[in-house]
Amino acid sequence: MDFYHKPVLLDEVISYLAIKPGGVYVDCTVGGGGHSEAILNIDPDIQLIGIDQDAIALSAAQKRLQPYSERIKFVHSNFSQLINVLHTV
Ligand SMILES: C[S@@+](CC[C@H](N)C(=O)[O-])C[C@H]1O[C@@H](n2cnc3c(N)ncnc32)[C@H](O)[C@@H]1O
């Protein structure tokens, strides 16, 4: 089953996040990867951790974000486990 998700309020999310070059960001609901892609596109030194509890969504995000694979770590988990995830990546 193909997973596709159009990122909602993308411009608003990016403007309110006030992304810093070289920053490290966590997308706790990476889904299809749309918001993460926009964050990674802002600066070539940005690193990102993409979390999702849905394995199908995660593999869709991995496919979409393959060009950024050097700068992104994917974690199949519930964001309620965020602290543990951040200790392991
Ligand atoms: C609306 S989609 C996110 C779309 C994503 N921002 C994009 O641009 O494609 C929400 C995602 O959050 C994931 N999700 C919802 N609750 C979660 C939780 N507690 N922990 C981890 N992932 C969760 C769902 O599996 C789904 O893939």
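What this report covers is the structure whose coordinates are included nearby. Quick caveat: nothing in here was measured; it's all calculated off a predicted structure.

1. Some thoughts on the sheet that holds strand β1 (residues 24-27)
Strand-to-strand pairing in sheets goes through backbone hydrogen bonds, with the strands running parallel or antiparallel. The strand order β1-β2-β3 describes an open sheet built from three strands, whose pairing is parallel. Each end of this open sheet is capped by a strand with a single partner; those strands are β1 and β3 (72-76). Strand after strand, the sheet turns through a mean of 15° between neighbouring axes, direction not considered. In terms of strand pairing, strand β2 (residues 47-52) meets β3 through five bridges, oriented parallel. For Leu48, the partnering residue across the bridge sits in β3 and is Ile72. In the packing of helix α3 (residues 55-64) onto the sheet, the strands contacted are β2 and β3, and the crossing angle to β3 comes to about 170°.

Reading the values: rules and limits
Residues numbered from 1 in each chain as written. Predicted model: local features only at pLDDT ≥ 70, side-chain atom pairs only at ≥ 80, totals over all residues. Heavy atoms only, no water. Pairing = 2+ DSSP bridges. Helix = DSSP H or I, 4+ residues; strand = E, 2+ residues; numbered from the N terminus. Axes fitted to C-alpha atoms, helices over the stretch in contact; angles between N-to-C directions. Contact = heavy atoms within 4.5 Å.

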